[in-house]
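Coordinate analysis (summary)
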Amino acid sequence: MSNATLAHDLRTCLGHEQVQDGPLDLARMAHDASHYLLQPSVVVLARDGSDVADAVRVAARHGAPVTFRSGGTSLSGQAQTSGVLIDTRRGFRGIEVLDGGKRVRCQPGATVRAVNVALAPYGRALGPDPASEVACTIGGVVANNSSGMACGTTRNTYKTLAGLEVVLLSGTRIDTAAPDADARLAASEPALVEGLLRLRDRVRQNPESVRKIRHQFSMKNTMGYGINAFLDHDTPAELLAHLMVGSEGTLGFILSATFHTIPAYSQLATSLLVFDRIDAATAALPELVAAGAATAELMDAASLRVAQNLATRVEALEGFHVVDHTALLVEAQCEARDELDALLHDADDRAPIDDDTADTIPEAPADPITRPGDIWALGDHRLICGDATD
């Protein structure tokens with residue numbers, strides 16, 4: 001069938017205003033934050049879950065691929081397609097704070113920044129902290145397994161996910177956190193349930209598969225499906241929810257996601273540690289992490305030279321001659337000032353800088369609490385005004 005027939009059937013099902021196939025509309029949606037260019041055949045402006053389910057059914061009938069797009073901040077082209085592009089940014093921005101901020105339910109078009117603003121009065125925040133949080137949205141955070149510098153492997157999307165409401169590619173709608181989720185899933189998608197349980201048992205019965213999966217997910221890993229779900233979860237609904245993490249829209253549409261939140265630390269300290277060579281920087285990492293550093297982002301000599309020419313100036317790098325130097329952009333996070341003081345003191349004891357390396361470190365204020373917070377602009381262009389905040 002032709003693109004015109006596909007667009008006609010989508011308009012018949014969803015309404016004229018919800019479907020775009022004009023040249024300018026298609027060209028406008030042909031790129032995201034990546035360097036790729038791929039023009040969709042038709043764009044659907046979904047208003048709610050019913051629109052998504054209907055659009056998926058029509059596309060399936062035509063044999064047309066479907067891609068979901070929200071923030072479009074992807075650097076790898078995940079928000080592009082030559083088929084049906086379903087835009088979920090406009091109609092899916094709901095945020096509901098639950099349990100006094102301990103959980104939050106968000107729709108896929110809500111930005112990470114908006115969710116954290118809603119959680120701020122409760123002293124809570126999302127675990128995932130991608131650098132593009134002002135623009136990236138919850139749908140992409142889950143579907144691309146976005147993480148960030150501070151969440152590591154314990155506060156990422158997979159670990160903090162409490163449940164998903166999804167529309168499968170068949171059009172079936174399931175809330176994985178509902179008490180009857182497994183029964184509903186078995187009734188509507190028996191083949192899917194059978195396949196999930198079969199794969200779960202197959203993985204668990206193979207010691208080498210278990211070893212590989214445990215090893216792969218013991219480190220930061222945002223590539224592909226969360227197949228560690230087959231080891232961590234038992235029921236079909238939980239398996240489905242956690243396999244959706246990193247699935248990039250291939251398993252279904254995320255209508256809403258509920259997260260367990262983490263404390264929004266009010267006490268922060270950042271420092272830029274510059275070493276004369278990369279091996280000296282990496283050698284310091286284990287002790288810094290053991291001392292409680294929440295982040296430690298490595299910047300090589302090329303990155304430092306670029307940083308010296310950014311619009312946001314970092315005084316410590318002014319006039320500093322970069323040769324083979326490597327920097328660690330380190331942040332500590334605590335809930336109380338005395339905890340932060342103790343953590344910084346412990347870090348100084350654990351990871352002392354030898355005299356040779358110390359000569360290469362730009363001079364910083366004597367009080368580590370007051371080191372300039374704008375150095376985070378080097379790592380991800382987020383500005384933290386002030387290094388220790390109340």
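Calculation rules
Residues numbered from 1 in each chain as written. Predicted model: local features only at pLDDT ≥ 70, side-chain atom pairs only at ≥ 80, totals over all residues. Heavy atoms only, no water. Phe/Tyr/Trp six-rings, centres within 6.5 Å; stacked < 30°, edge-to-face > 60°. Helix = DSSP H or I, 4+ residues; strand = E, 2+ residues; numbered from the N terminus. Buried < 20%, exposed > 50% of the residue type's maximum accessible area, 1.4 Å probe, protein only. Salt bridge = Lys/Arg side-chain N within 4 Å of Asp/Glu carboxyl O. Pairing = 2+ DSSP bridges. Axes fitted to C-alpha atoms, helices over the stretch in contact; angles between N-to-C directions. Parallel < 35°, antiparallel > 145°, perpendicular 65-115°, else oblique. Contact = heavy atoms within 4.5 Å. Core = buried A, V, L, I, M, F, W, Y, C linked by side-chain atoms within 4.5 Å.

Attention shifts here to the packing of aromatic side chains. This structure, assessed with the given rule, holds two aromatic pairs. Arranged with centres 4.9 Å apart and planes meeting at 40°, the rings of F68 and F253 form a pair that is tilted. Of this pair, F68 sits in strand β3 (residues 66-69) while F253 sits in strand β10 (residues 252-260), and the two are 185 residues apart along the sequence. Comparing F68 with F253, the two get one shared label, buried.

On to the pattern of salt bridges, then. This model, assessed by the stated rule, comprises 17 salt bridges. Between D99 and R103 there is a salt bridge, with the nearest N and O atoms lying 2.6 Å from each other. Given the relative accessible area of 48%, D99 is considered partly exposed. Several salt bridges share partner residues, and in doing so they unite D276, R277 and D279 into one network.

Further remarks concern the pairing of strand β5 (residues 95-98). Pairing of β5 with strand β6 (residues 103-106) involves four bridges; the strand directions are antiparallel. Each bridged residue has a counterpart across the sheet, and for I95 the counterpart in β6 is C106.

One way to put it is that helix α7 (residues 181-188) packs onto helix α11 (residues 236-243) with a least axis distance of 8 Å and a crossing angle of 85°. Between α7 and α11, the interaxial angle falls into the category roughly perpendicular. In this structure, α7 uses A181, D182 and L185 to contact α11, whose residues at the interface are P236, A237 and L240.

At D99, a residue that is not glycine, the phi angle is positive and equals roughly 50°. One can find D99 in the loop between β5 and β6. Positive phi is not limited to glycine here, since E248 has a value of about 55°. Relative to the elements of secondary structure, E248 occurs in the loop between α11 and β10.

One recurring pattern in soluble globular proteins is that nonpolar side chains are buried together. Within the largest apolar cluster, 35 residues are counted, with the highest numbers of intra-cluster contacts made by V115, L126, I138, V142, L164, A257 and F259. Residues within four places of F259 in sequence aside, it is in contact with K102, R103, V104, C106, L126, I138, V142, T157, T160, L161 and A162. Judged by nonpolar contacts, the second largest core, of 22 residues, contains L6, L14, V84 and V167.

Right, let's talk about the sheet that holds strand β12 (residues 267-275) for a bit. The antiparallel open sheet is built from three strands, whose spatial order is β12-β14-β13. Only two strands of the sheet have a single partner each, and these edge strands are β12 and β13 (295-299). Neighbour to neighbour, the strand axes of the sheet diverge by 15° on average, direction disregarded. Bridge analysis of β13 against strand β14 (residues 326-334) gives five bridges, and the strand direction is antiparallel. In the strand pairing of β14, L298 is matched with L328. Strands β12, β13 and β14 of the sheet are contacted by helix α12 (residues 278-290), whose axis makes an angle of about 15° with β14.

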